[in-house]
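For reference, the chains in residue letters:
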Amino acid sequence: MLDNAYNASGSPNIALVKYWGRRDDALNLPNNSSLSMTLGDGLTTTTSVLFSSKLKEDAIYINEKKLDLSSATNEKSGFMLKAINYMRSAAKMDSHLLVVSKNSFPSDAGLASSASGAATLVYALNGALELNRPTKELSIIARQISGSACRSLLGGIVKWNKGSMGDGSDSFAEQIVSEHYWPELIDIIAMVSESKKKVSSSEGHKATVRTSPLYKARPSIAEASVSRVIDAVKAKDINSLSEAVMRDSNNMHATMLDSWPPIMYLNDASKAIIETVHEINASHGENIAGYTFDAGPNGHIITLRKYENEIRERLSKLSGVSNIMVSSSGPGPSRISECLITDDLIAENSKV
Ligand code: PMV
């Protein structure tokens, strides 16, 4: 019965140069290119997709919760349904689908679970529907669910080209180096106690573009940072990479604070992480680590494996840091054998 299920695994990514602010909200077209590291080390989303004429309607389960597809949900689930329907009609498939997806990492980890989920879903749909679309095209589809998701279609260090076309056909992700290029590079994730963020990234993108005078300077600054970080990665230059990563995170958060009303994702623990990383770098006489923060207070410290213990020890002493995880760079999505769809679940969602 499960013969037609397609199972895939994919991972979140951490932006080294951030995407913040769009030129087109419906297509998720950014004002600047961005760059990220796809994570690995067991930080994964597993997704199973099954199309079957037995199903009475579409059903999607994320982290064991069934999504309500009938009511107007948030922007991202609306975009997800649009992508599903686009791919289903491209394959001339008229059956309903069952999707079961779960993350191996805590949903409050400040990891882009929506990016990992959207990228893995698009990859699994491509497989289940035998569409055989190239990765570039899959990244364009995933981008329309959640912008940063397009970067999780590839492993290693990935650039999302901002593009200039109105239809978004040149706004896609491409790999700069694979996950094998610089295996010593790691992301130490310092989780800080967090309540759900007040401003979603979807709202934040719009509010900053609309209200921050400072934001006008950001796209060209970020574009220059992308080139700087690519050069640093290719040269395996941790000093230059760390500085560029910290400056870019600070620059993005400055435009958030400059929005009206101000948007503040960082908290006291985040600020303590920032100070600690600067202290560590000062004691080494060069930048051996760089912090970066997405739309939330959890810190990501980009560094080399040989500095892991020293940094962990310092971070674990900070009040507010509740958990520390470490990941090196991982691959893009792949097909796996583990199937999350059970016969019971199919029966529950089948016609009587
Ligand atoms: O993809 P979104 O709409 O969730 O936006 C993500 C924005 C940041 O995480 C703050 C930066 C990035 O490039 O991932």
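On a predicted model such as this, the values are computed, not experimentally measured, just so you know.

**Student:** Give a detailed account of the nonpolar core, specifying residues and quantitative values.
**Tutor:** With 50 residues, the main nonpolar core has L185, L241, I273, I301, I311 and L315 as its most contacted residues. Here the element with the most residues in this core is strand β12 (residues 185-192); it accounts for seven residues. For L315, the residues in contact, after removing those within four places along its chain, are I188, A190, I273, I301, V321 and I324. Counting residues in each nonpolar core, the second largest holds 27 residues, with M87, A119, A124 and L125 among its members.

**Student:** So, the site of the ligand: which residues are in play, and what are the values?
**Tutor:** Within the structure, the ligand sits among 14 residues, and Y19, K76, S148, R151 and S201 are positioned closest to it. In the model, an oxygen atom of the ligand is placed 3.2 Å from a nitrogen or oxygen of the S146 side chain. Side-chain polar atom of R151 to an oxygen atom of the ligand: 2.8 Å apart, as the coordinates give it. Protein chains bury 94% of the 390 Å² of accessible surface belonging to the ligand in isolation. Tallied by class, residues from the shell around the ligand come to five nonpolar, five polar and four charged.

**Student:** Break down the sheet that holds strand β11 (residues 173-177) for me, with residues and values.
**Tutor:** Read across the sheet, four strands follow the order β2-β5-β10-β11 without closing on themselves; strand pairing throughout is antiparallel. Each edge of the open sheet carries a strand with a single partner, namely β2 (13-17) and β11. Within this sheet the neighbouring strands show an average axis-to-axis angle of 35°, counted without direction. Sheet topology places strand β5 (residues 34-38) next to strand β10 (residues 157-160); four bridges connect them, and they run antiparallel. Directly across from S34, in β10, lies its bridge partner W160. Sheet strands in contact with helix α5 (residues 218-234) are β2, β5, β10 and β11, and its direction is about 110° off that of β2.

**Student:** Can you tell me about the pattern of salt bridges, naming the residues and giving the values?
**Tutor:** Overall, the coordinates contain 10 salt bridges when judged by the stated rule. Between E243 and R247 there is a salt bridge whose closest N-O contact spans 2.8 Å. Of this pair, E243 and R247 are both found in helix α6 (residues 238-257), four residues apart, which corresponds to roughly one turn of the helix. We classify E243 as partly exposed; its relative accessible area is 35%. Between R312 and E308 there is a salt bridge whose closest N-O contact spans 3.0 Å. Here R312 pairs with E308, and both are found in helix α8 (residues 308-316), just four residues apart, close to one helical turn. By relative accessible area, which is 30% here, R312 ends up partly exposed. Each of R305, E308 and R312 takes part in a single network of salt bridges with overlapping partners.

Cut-offs and rules
- Residues numbered from 1 in each chain as written.
- Predicted model: local features only at pLDDT ≥ 70, side-chain atom pairs only at ≥ 80, totals over all residues.
- Heavy atoms only, no water.
- Core = buried A, V, L, I, M, F, W, Y, C linked by side-chain atoms within 4.5 Å.
- Buried < 20%, exposed > 50% of the residue type's maximum accessible area, 1.4 Å probe, protein only.
- Helix = DSSP H or I, 4+ residues; strand = E, 2+ residues; numbered from the N terminus.
- Contact = heavy atoms within 4.5 Å.
- Near = heavy atom within 4 Å.
- Polar contact = N/O pair within 3.5 Å; in protein donor to acceptor, adjacent residues only side chain to side chain.
- Areas by Shrake-Rupley, 256 points an atom, 1.4 Å probe, with all protein chains shown as cover.
- Nonpolar A, V, L, I, M, F, W, Y, C, P; charged D, E, K, R; others polar.
- Pairing = 2+ DSSP bridges.
- Axes fitted to C-alpha atoms, helices over the stretch in contact; angles between N-to-C directions.
- Salt bridge = Lys/Arg side-chain N within 4 Å of Asp/Glu carboxyl O.

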